[in-house]
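Observations on the model geometry
Each chain is listed here by its residues.
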Amino acid sequence: MIHFVLLVSRQGKVRLTKWYSPYSQKERTKVIRELTGLILTRGPKLCNFVEWRGYRVVYKRYASLYFCMCIDQDDNELEVLEIIHHYVETLDRYFGSVCELDLIFNFHKAYYILDELLLAGELQEPSKKIVARLIAGQDSLVEAAKEEANSISNIIAQATK
Amino acid sequence: MALSGMRGLSVFISDIRNCQNKEQERLRVDKELGNVRTRFKNEKGLTPYEKKKYVWKMLYIYMLGYDVDFGHMETVSLISAPKYPEKQVGYIVTACMLNENHDFLRLAINTVRNDIIGRNETFQCLALTMVGNIGGREFAESLAPDVQKLLISSSCRPLVRKKAALCLLRLYRKNADVVNVDGWADRMTQLLDERDLGVLTSSMSLLVALVSNNHEAYWSCLPKCVKILERLARNQDVPQEYTYYGIPSPWLQVKTMRALQYFPVIEDPNTRRSLFEVLQRVLVGTDVVKNVNKNNASHAVLFEALSLVMHLDAEKEMMSQCVALLGKFIAVREPNIRYLGLENMTRMLMVTDVQEIIKKHQAQIITSLKDPDISIRRRALDLLYGMCDVSNAKDIVEELLQYLSTSDFAMREELSLKAAILAEKFAPDLSWYVDVILQLIDKAGDFVSDDIWFRVVQFVTNNEDLQPYAALKAREYLDKPAIHETMVKVSAYLLGEYSHLLARRPGCSPKEIFTIIHEKLPTVSTPTIPILLSTYAKILMHTQPPDPELQNQILAIFQKYESCIDAEIQQRAVEYFTLSRKGPALADILAEMPKFPERQSALIKKAEDIETDTAEQSAIKLRAQQQISNALVVTDYRPPNGTPPPVGSLNLVKVSSTSSNSDYNSVDQGADHTNGTVSKSDSQTASADLLGDLLGPLAIEGPPGAATSEQSVLSGGDVPSAADAAAIVPVQDQPNYVQPIGNIAERFHALCLKDSGVLYEDPYIQIGIKADWRAHQGRLVLFLGNKNTSPLVSVQALILPPLNLKMELSLVPDTIPPRAQVQCPLEIINLRPSRDVAVLDFSYKFGTNVVNNKLRLPAVINKFLQPIQLSTEEFFPQWRSLSGPPLKLQEVVRGVRPLPLMELANLFNSCRVMVCPGLDPNPNNLVASTTFYSESTRAMLCLVRIETDPADRTQLRMTVASGDPTLTFELKEFIKEQLVYIPEASHGPTQAPAPAVPQAPVIPPDDPAAILAGLL
């Protein structure tokens, strides 16, 4: 099972965290500190796995961003490595050639997408197409609500004129 | 630039990005937090849009690593918003910021449930996602049936059902009872027929969790799993969108193969054949391709297939195919594949018959030990460690030693520990073992724990042939210009004991040895100085004929340290100074160390602990158990005994026969010391135990302190000193030594938690106990049962009460008739809180044997506790009113023996500290209460809170509170002792009866011992 997902920039700035096992706020900070120290210092041609506190952390660097997932020792590392890539491809499809800035200003979208991909620390949907469709559906729901709200506030505004 | 769609949020993020430094960022964040806080305070004026925006800002700030300690309520309340956009934000941010133990989550359960059972599909999805990500036990209890319904419903769309499957998995992890419904296994079987691969993938994850716990119920799923694999891997029958770089859903393949690994066998020949066909196809058909992702995905499947093949114990042909593949992998350049190749090869060691093939790759594996990547080096080290046996130990250990000098610090400790263990387990000869350990200390002294050098000393002490060799080696290392302090310790110790064996060699005269050791003294730390002083004393003793110059030199050193501030050093200096003036008596007192009792290597124990810690079900452990280590053959004449006799007292044998009466007492103390410390060293680590052994001889003349006088007062004049003297004659000098049956320390510990049982037993007598405790008073009855057909005479029972207890023992008869049992009631009054323990000094004569034992009596602090159940209203005011030390003490306890929470609660209840369930909202915590009674404190309420860490059961935080500072402290220490107490591996005397000990008489059924057992 994936215990948590962590996105950090090369400078160590956290871009996204998602915890599937219970960690207190203090532990979360500590975990992030330990792992960034461990992973950001690794050279480019090493393997994508790091052993940490009896767990395995599978990570991969995409441009300036490190995507990390922490799993149990007996989990299948390569499978998780490709879950990471699957997530990146889905983000890429949504944003259209995604970059770090997209994820900074639209961090909430990154969370929405992750929630369609993973649940309970397990892969939920292996099809990028379906994830994209679901996210588009959510976006349109939000849009519809916004328009509705606008039209209501217009009505109210006109009525109170 | 893409913007968030919320202007305020985008502006804030930009501001943060424009901050020049951390300080500016903090200021900006503080400003924003202040703003959000005031806006939340007058919530009425907030539009849903604003609320949403602020909640996102909070999450952003939280992600930056700042504490956000407000606004949780507002976030959770968004969950019940009627419109989708707010609800969505509420659910997602709640799931990010709170963890499953947060109180506010409980408030939301009802709303969440309404969303789950409601008709709105999008709301269902949001609710299932949150519960699946952070749902805890309470969610499991209240929502499981609804989630199940969604999963198997035919009217729900796949997007809901796949979430329901994983949500149920989460709830199952929190509470396994959620699938305890009739026919659930059949439902699972039906789910595996699912055509939608999203639902099928999620259901497969659920199945993996279910079968990993209990495969029995799910046999009917097995053929379905094989069908799925056939569909994916053979027929490639999947929709285009579910292929990943041309591979039919690799994730589903991996999960399905994982599920199959939890079934012990596949009996149906057809299913088995189909499965092997698929596996064979995977093994043969996976090629290395250029595209990284395709490669990774196909190898993810391949490695899973390898595991499955190993698990199924396939035909030999297929196995060697696997080993060949792994051999290929560990030689490739691609680091991920090499890493996994090494890892899987380590797992493969478990399979019989392949070790020899794996050994062929030894050279390749050693290359990986020098890889630039620490992850790969670790795997290589583990594999080498696992594959090591007598045939290749020399090569492997020498590789490890060589690598030690260049390895990075992160690995040195592990490396040296592993090298030491392998050297010990597989040493072809012991001199090689000594060489290895000394090299280890030389190269990585900082990483060589005390256990390692204690162990080498034990071996040398127990093997006479080894002694001159070890001494010579130690002498050689001392010539090096700079040596590690551990090397100083071990060489000083060895040379002190055995340098006289080298006397004829050049550079090995007592004077030269002394000089070279003494040169190191200015460089060593305080704990090493006592060892050097002992060495000097021993050198002095071995110098025959005496060398006046050397003597003066050494005496001057002793004199110098007589005023040392460190008590240990000072005591040794004073004692050695006095002793060295005794002339020939010195030789008796400082005689060579006796052999150590055989015991499990502390190192191996430690390594095993580490392995269980990391839950590594590895081949290493299994093999370690099977392999008979030749290095562990330690010659020892004494039969293994529940309580290992103290090394110190063995030295004293001769003293007792020659010296004055005051020595008796010190000897006696030594004996008492054994009995008393056995349990202490149990509760601590094995190294403390070892330390006791190695540094033991120095306790020879334990301070003739208060205990001496106290005892003489207590015993009055009526204890014949002959008996006393005989009682201290140690084990070896007495041919008919009486073996206790069972482990005394264990029996004591058991009796601490219950009120009746056997305190002590040997072939002649059994001492049982039955106790009754009322508030601060207690009545304890000793049952002394003679197991034999001849009487036990000169029976003496003395109670040595600690200061906190008042005890009165009724008269004990001098003789116990054959096969009779006498009862001796003992009245106890508890004066004040303390953990001190009363000791029963018990002796009797059987034939010509005098048997003496000092037994701790289970009149311990928890016997004066009365459990009490408190409600929330009673508990919390008390808890708050006792604030801070010394009334409330907190401590993080490490090295706790890992127990599930239920057992921990039971332990507390059996200590009469009553767990009050439900008081602490966090299910990982325990809250308990009890009342303590003593004359000084009267009834005193005690409160205890234990916070456990589910990720690491070996540590916890304990808070103890009561109205009395001593009580708080003593109770805390007592609980701590209970938490870390590790029962000794039982090795009763039955395993290896001493040749000299007469056979225990066969006990007829009407024997008092049997009656006694029945009575208790």
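Residues numbered from 1 in each chain as written. Chains lettered and ligands numbered in written order. Predicted model: local features only at pLDDT ≥ 70, side-chain atom pairs only at ≥ 80, totals over all residues. Heavy atoms only, no water.

It is worth spelling out the overall build of chain A at this point. Looking only at helices and strands, chain A features 5 helices and 7 strands. Going from N to C terminus, chain A has its helices and strands arranged as β-β-α-β-β-β-α-α-α-β-β-α. Counting all 161 residues of chain A, 62% fall into the buried class. (Helix = DSSP H or I, 4+ residues; strand = E, 2+ residues; numbered from the N terminus. Buried < 20%, exposed > 50% of the residue type's maximum accessible area, 1.4 Å probe, protein only.)

Next up on the list: the overall build of chain B. Counting its regular elements, chain B contains 44 helices and 16 strands. Residue burial in chain B is summarised as follows: out of 1016 residues, 56% are buried. For chain B, contacts bridging at least 24 residues in sequence account for 70% of all contacts bridging at least 6. (Contact = heavy atoms within 4.5 Å.)

Residues and elements named next belong to chain B. What the rule picks out here adds up to 28 aromatic pairs over all chains. A centroid spacing of 6.3 Å and a plane angle of 80 degrees characterise the contact between Phe12 and Tyr60, whose relative ring orientation is edge-to-face. In this pair, Phe12 is assigned in helix 1 (residues 7-18) and Tyr60 in helix 3 (residues 48-64), connecting sequence segments 48 residues apart. Centroid distance Trp219 to Phe263: 5.3 Å. Interplanar angle 40 degrees. Geometry classified as tilted. Taken together, the residues Trp219 in the loop between helix 11 (197-213) and helix 12 (221-234) and Phe263 in the loop between helix 13 (250-260) and helix 14 (269-285) connect sequence positions 44 residues apart. If you follow Arg37 out to its NZ or CZ, it ends over the ring of Phe70, 4.3 Å from the centre. (Phe/Tyr/Trp six-rings, centres within 6.5 Å; stacked < 30°, edge-to-face > 60°. Lys NZ or Arg CZ within 6 Å of the ring centre and 35° of its normal.)

Take the sheet that holds strand 4 (residues 55-62) of chain A next. Strands sit in the order 2-1-5-4-3 (chain A) across an open sheet of 5 strands; the sheet is antiparallel. Edge positions in the sheet fall to strand 2 (14-19) and strand 3 (49-52) of chain A, since each of these pairs with one other strand and no more. Across the sheet, the mean angle separating the axes of adjacent strands is 20 degrees when strand polarity is ignored. When strand 1 (residues 2-9) of chain A meets strand 2 of chain A, the two strands line up antiparallel, connected through 5 bridges. Within the sheet, the bridge partner assigned to Leu6 of chain A lies in strand 2 of chain A and is Thr17 of chain A. Contacts from helix 17 (residues 335-348) of chain B reach strand 3 and strand 4 of chain A, with the element oriented near 45 degrees to strand 3 of chain A. (Pairing = 2+ DSSP bridges. Axes fitted to C-alpha atoms, helices over the stretch in contact; angles between N-to-C directions.)

Right, let's get into the pattern of salt bridges. Taken as a whole and judged by the stated rule, the model has 71 salt bridges over all chains. The closest approach of N and O atoms between Glu356 of chain B and Lys359 of chain B, which form a salt bridge, is 3.1 Å. Remark: Lys359 of chain B and Glu356 of chain B occur in helix 18 (residues 355-359); sequence separation between them is 3 residues, near one turn of the helix. Between Arg945 of chain B and Glu947 of chain B there is a salt bridge, with its nearest N and O atoms 3.8 Å apart. Each member of the salt-bridge network shares a partner with another, and the members are Glu51, Arg56 and Glu77 of chain A together with Glu343, Arg347, Arg378, Arg379, Asp382, Glu414 and Lys418 of chain B. (Salt bridge = Lys/Arg side-chain N within 4 Å of Asp/Glu carboxyl O.)

A word on the pairing of strand 10 (residues 849-856) of chain B. Residues and elements named next belong to chain B. Strand 10 sits mainly inside the fold: 7 of its 8 residues count as buried. In the sheet, strand 9 (residues 839-846) pairs with strand 10 via 8 bridges, with the strands oriented antiparallel. Its bridge partner lying in strand 10, Leu840 is registered against Leu855. Where strand 9 hands over to strand 10, the hairpin turn is made up of 2 residues, of which Gly847 adopts a positive phi near 60 degrees.

Looking now at unusual backbone geometry. A positive phi angle is found at Ser97 of chain A, which is not glycine, with a value near 50 degrees. Structurally, the position occupied by Ser97 of chain A is in the loop between helix 2 (77-95) and helix 3 (100-105).

We now examine the interface of chain A and chain B. By a frequent convention, interface size equals the accessible area lost on bringing the separate parts together. Each partner contributes residues to the interface: chain A has 69 residues there, and chain B has 87 residues. Each partner contributes to the roughly 6600 Å² buried at the junction of chain A and chain B, and carbon and sulfur atoms together form 54% of this total. Among the residues of chain A in contact with chain B, Leu78, Phe105 and Leu119 of chain A are the three that bury the most area, contributing 11% of the side total. Inspection of the chain A/chain B interface yields 9 salt bridges. In this structure, Glu122 of chain A and Lys255 of chain B form a salt bridge, with 3.6 Å as the shortest nitrogen-oxygen distance. Summed over the shared surface of chain A and chain B, the number is 37 residue pairs in polar contact (both at pLDDT 80 or more). Of the residues forming the side of chain A that touches chain B, the biggest block, 10 residues, is contributed by helix 5 (residues 128-159) of chain A. Partitioned by chemical class, the residues of the side of chain A that touches chain B number 30 nonpolar, 14 polar and 25 charged. (Buried area = accessible area lost by both parts, 1.4 Å probe. Polar contact = N/O pair within 3.5 Å; in protein donor to acceptor, adjacent residues only side chain to side chain. Nonpolar A, V, L, I, M, F, W, Y, C, P; charged D, E, K, R; others polar.)

To continue, consider the sheet that holds strand 7 (residues 805-809) of chain B. All names here are of chain B. If you trace the 5 strands from one edge of the open sheet to the other, you get 3-4-5-8-7, paired in antiparallel fashion. Lying at the two open borders of the sheet, with one neighbouring strand each, are strand 3 (756-761) and strand 7. Put simply, the sheet's adjacent strands are angled 25 degrees from each other on average, direction ignored. Note: strand 7 against strand 8 (residues 821-830), 5 bridges, orientation antiparallel. When the bridges of strand 8 are listed, Met807 appears paired with Ile828.

We now examine helix 21 (residues 393-404) of chain B. The terminal C-alpha atoms of helix 21 of chain B, which comprises 12 residues, lie 16 Å apart, in line with the 16 Å expected from a rise of 1.5 Å per residue. All of the buried residues along helix 21 of chain B are Ala393, Ile396, Val397, Glu399, Leu400, Leu401, Tyr403 and Leu404 of chain B. (Expected span 1.5 Å × (residues − 1).)

Let us now look at the state of the cysteines. Residues and elements named next belong to chain B. Evaluation of the coordinates by the stated rule reveals 0 disulfides over all chains. As a non-bridged cysteine, Cys911 has Cys752 as the owner of its nearest cysteine sulfur, 8.6 Å distant. Exposure remark for Cys911: the relative accessible area of 6% places this residue in the buried category. (Disulfide = S-S within 2.5 Å.)

A few words now on the packing of helix 12 of chain B against helix 13 of chain B. All names here are of chain B. It is the contact of helix 12 with helix 13, at a shortest axis distance of 10 Å, that shows an interaxial angle of 150 degrees. Here helix 12 lies roughly antiparallel to helix 13, going by the angle between them. Here helix 12 runs over helix 13; the crossing is left-handed. Facing Leu222, Cys225, Val226, Ile228, Leu229, Leu232 and Ala233 of helix 12, the residues of helix 13 in contact are Leu252, Gln253, Thr256, Met257 and Leu260. In terms of residue class, the contact of helix 12 with helix 13 is made up of 10 nonpolar, 2 polar and no charged. (Parallel < 35°, antiparallel > 145°, perpendicular 65-115°, else oblique. Left-handed = near helix turned anticlockwise from the far one by under 90°.)

Right, let's talk about the environment of Ser936 of chain B for a bit. All names here are of chain B. Within the secondary structure, Ser936 is located in the loop between strand 14 (925-934) and strand 15 (938-949). Residues Ser936 and Asn804 lie 132 residues apart in sequence; the distance between their C-alpha atoms is 9.9 Å. In contact with Ser936, not counting residues within four places along its chain, are Leu831, Arg832 and Pro833.

This next bit is on the confidence of the model for chain B. All names here are of chain B. Averaged over every residue, the pLDDT of chain B is 79; residues scoring 70 or more account for 82%. Of all the helices and strands in chain B, helix 35 (residues 653-658) carries the lowest mean pLDDT, 31, while helix 13 carries the highest, 96. Counted against residues more than four places away or in other chains, residues 612-736, with its pLDDT under 50, gives 183 contacts. When the criterion is pLDDT under 50, residues 984-1016 qualifies, and its contacts beyond four places in sequence or with other chains add up to 48 contacts. Two numbers describe this predicted complex: its pTM, 0.64, and its ipTM, 0.95. (pLDDT = per-residue confidence, 0-100.)

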